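# Summary of the model geometry
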Amino acid sequence: MTHPSRAFAWAHDAELRAFVATRAFAQISIAIDGRPVAAHAPLAIGADGSIRFHLARANRLTAHLDGAPALATVVGDDAYISPDWYGTEDQVPTWNYRLVEIEGIARRLGEADLIDQLDRLSAAQEALLAPKPAWTMAKLSPARNGALLKGIVGFAIDAPLLRGVAKLGQNKSASERAGVEAALTALGRHDVARAMAAGA
């Protein structure tokens, strides 16, 4: 588990995948020569359920990822929680958040699968910008497209293990949670307030 308290375990696979698809950005970590190394990459979910991403060809991880155990961490909806917001005594500060860890063996993608990953990623993100007409790779000239593809390498984590944490005050009373939600809303942190209200 990514958090020792089972109260914060988030284990609904469909919800975890929806969170990953929506956030679509992760820290990718592997060990190189016994040392942890990380990079950051946009994610897309493949038609086969794999988690797919790409890195710059010059990225340090690129030469070491194929066949390596990898951990991708997607974080979102996080905020510092002041103890004053609970409205009760003897509280301490904490941090509320949601995250998903994706674990598995990384596999290098061929060009067709890399293009599919890029298409899926841009389609998902462009859909969030509607009613703006969606940008597609078809808007690039073949020369520009080919040059850009040479600069990146795609990877997949097949049959990934997803683990989630939704630390959203489940260990607090309804009135304490309501105080935190109201304070976060007043601060414009509607993302965390909504997550807390939903309970996960």
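Structure: see above.
Residues numbered from 1 in each chain as written. Predicted model: local features only at pLDDT ≥ 70, side-chain atom pairs only at ≥ 80, totals over all residues. Heavy atoms only, no water.

A few words on the overall build of the chain. Looking only at helices and strands, the chain has six helices and eight strands in total. Secondary structure elements in the chain, listed N-terminal to C-terminal, are β-α-β-β-β-α-β-β-α-α-β-β-α-α. Based on the C-alpha atoms only, the size of the chain along its principal axes is roughly 65 × 45 × 25 Å. Considering only contacts within the chain whose residues lie at least 6 apart along the sequence, 72% involve residues at least 24 apart. Summed over its atoms, the accessible surface of the chain is roughly 10600 Å², and 57% of this surface lies on carbon and sulfur atoms. Side chains of the chain carry 21 positive and 21 negative charges; the gap between the two charge centres is 6 Å. (Helix = DSSP H or I, 4+ residues; strand = E, 2+ residues; numbered from the N terminus. Contact = heavy atoms within 4.5 Å. Areas by Shrake-Rupley, 256 points an atom, 1.4 Å probe, with all protein chains shown as cover. Lys, Arg positive; Asp, Glu negative; His and termini not counted. Charge placed at Lys NZ, Arg CZ, Asp CG, Glu CD.)

The next point concerns the nonpolar core. Within the largest apolar cluster, 38 residues are counted, with the highest numbers of intra-cluster contacts made by I28, L43, F53, L65 and I102. The element contributing the most residues to this core is strand β5 (residues 69-81), with five residues. Sequence-distant contacts of I28, defined by excluding residues within four places in its chain, comprise V37, A38, A39, A41, L43, F53, L61, L65, L71 and A72. One finds L114, M137, L149 and I152 within the second-largest nonpolar core, a separate group that totals five residues. (Core = buried A, V, L, I, M, F, W, Y, C linked by side-chain atoms within 4.5 Å. Buried < 20%, exposed > 50% of the residue type's maximum accessible area, 1.4 Å probe, protein only.)

Take the packing of aromatic side chains next. The relation between two aromatic rings is expressed through the spacing of the ring centres and the mutual angle of the planes. Counted according to the given criterion, the structure contains three aromatic pairs. Ring centres of W10 and F19 lie 5.3 Å apart, and the angle between their planes is 75°; on these two criteria the pair is classed as edge-to-face. F19 shares its class with W10; the two are buried. With a centroid separation of 6.1 Å and an interplanar angle of 65°, the aromatic rings of Y80 and W95 are classed as edge-to-face. Here the residue Y80 occupies a position in strand β5, and W95 occupies one in strand β6 (residues 94-108), the gap between them amounting to 15 residues. (Phe/Tyr/Trp six-rings, centres within 6.5 Å; stacked < 30°, edge-to-face > 60°.)

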